[in-house]
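Per-entry structural report
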Amino acid sequence: MPSLSGRVAIVTGSTSGIGRGVAVRLAELGARVVVHGRSEEGARETLDAVTKAGGASAWYRADLGRAAECRKLVDFTAQTFGALDILVNNAALTTRGDIEHVSLEVVDAVLAVNLRAPLLLTQAAIPHFQARGGGSVVNIGSINAYIGEPKLCVYSVSKGGLMTLTKNTAAYLNRYKIRVNQINVGWTLTEGEDRVKRLEGKGDEWLDEAVRTRPWGRLLLPGDVASAVVYFASDESALVTGAVLDLEQYPVGAPPNW
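Residues numbered from 1 in each chain as written. Predicted model: local features only at pLDDT ≥ 70, side-chain atom pairs only at ≥ 80, totals over all residues. Heavy atoms only, no water.

Spatially, seven strands are ordered E3-E2-E1-E4-E5-E6-E7 in an open sheet, and the strand pairing comes out parallel. Each edge of the open sheet carries a strand with a single partner, namely strand E3 (57-60) and strand E7 (244-247). When the angles between neighbouring strand axes are averaged without regard to direction, this sheet yields 15°. Here strand E2 (residues 32-36) pairs with E3 via four bridges, running parallel. (Pairing = 2+ DSSP bridges. Helix = DSSP H or I, 4+ residues; strand = E, 2+ residues; numbered from the N terminus. Axes fitted to C-alpha atoms, helices over the stretch in contact; angles between N-to-C directions.)

Spelled out as structure tokens, the structure:
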């Protein structure tokens, strides 16, 4: 396994789910991690998990829908750990709404957190990366970036925009040895996904039904995403930038085998 000893990372949206899995994995490999999220209870659970993994971490509560909070998160990291090497833009809103019915408030909120915040965080991180001779940005996207479910209109648009941001910034920041890559995540089992499915009225059987549609007999897990993040965050991908990895059991556009 690659070593991240001496590296400092921010993982946004890491008080639960995929973000927590990523934060813990980075800590296991030696990185010091700033945990971000708005839930104090969730943050405490992630911090405890990082400690058990033998890592060091700190929590910063920030509303990434507020532009000023993005820079404050980066500044907090530099002040707390003295550097920044890895930025994982994972935080996202998945508020439902199709093109006919979605409200302006939802449009503004989702785009602010899912697209504007990664841009502002990356911008704020540049001088800190330069001070270290380079850095790595890993954007957590979604297979919804290509078309997306109709009920996830703005979310899908935000993830498509994130792909363009990834490639655009990768093309510019390579002059500073800053790499920017993206992981388009497929159907992943998290506590948040379970909560959403139950709110949609799927009931206790939703997971069994979902698993039957998956070629490998399970949904993705946060650990699967964390493994991909480690590749992009570490020297294992030292010359890789502007890449988009579709982390899913079906190629995008392929019909399911059922």
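There is more to say, and it comes next.
This paragraph deals with helix H3 (residues 67-81). Along an α-helix, residues three or four apart share an orientation, since each turn contains 3.6 residues. Between its first and last C-alpha atoms H3 spans 23 Å; for 15 residues at 1.5 Å apiece the expected length is 21 Å, and the two agree. For H3, the set of buried residues is Glu69, Cys70, Leu73, Val74, Phe76, Thr77, Ala78 and Phe81. Contacts made by the buried residues of H3 are with strand E1 (8-11), E2, E3 and helix H4 (104-131). Two residues or fewer after H3 comes Gly82, characterised by a positive phi angle close to 80°. (Expected span 1.5 Å × (residues − 1). Buried < 20%, exposed > 50% of the residue type's maximum accessible area, 1.4 Å probe, protein only. Contact = heavy atoms within 4.5 Å.)

Considering the arrangement of structural elements, one finds Ser227 in helix H8 (residues 222-233). Considered as a pair, Ser227 and Gly21 are 206 residues apart in the sequence and their alpha carbons are 9.5 Å apart.

Right, let's get into the pattern of salt bridges. For side chains bearing opposite charge, pairing can occur when the charged atoms are close. As enumerated under the stated definition, the model contains 18 salt bridges in all. Glu40 is paired through a salt bridge with Arg61; the nearest N and O atoms lie 3.8 Å apart. Separated by 21 residues along the polypeptide, Glu40 in helix H2 (residues 40-52) and Arg61 in the loop between E3 and H3 bring together distant segments of the chain. Members of the salt-bridge network, linked through shared partners, are Arg96, Glu149, Lys151, Glu193, Lys197 and Glu200. (Salt bridge = Lys/Arg side-chain N within 4 Å of Asp/Glu carboxyl O.)

All we've got here are geometric facts, nothing functional implied.
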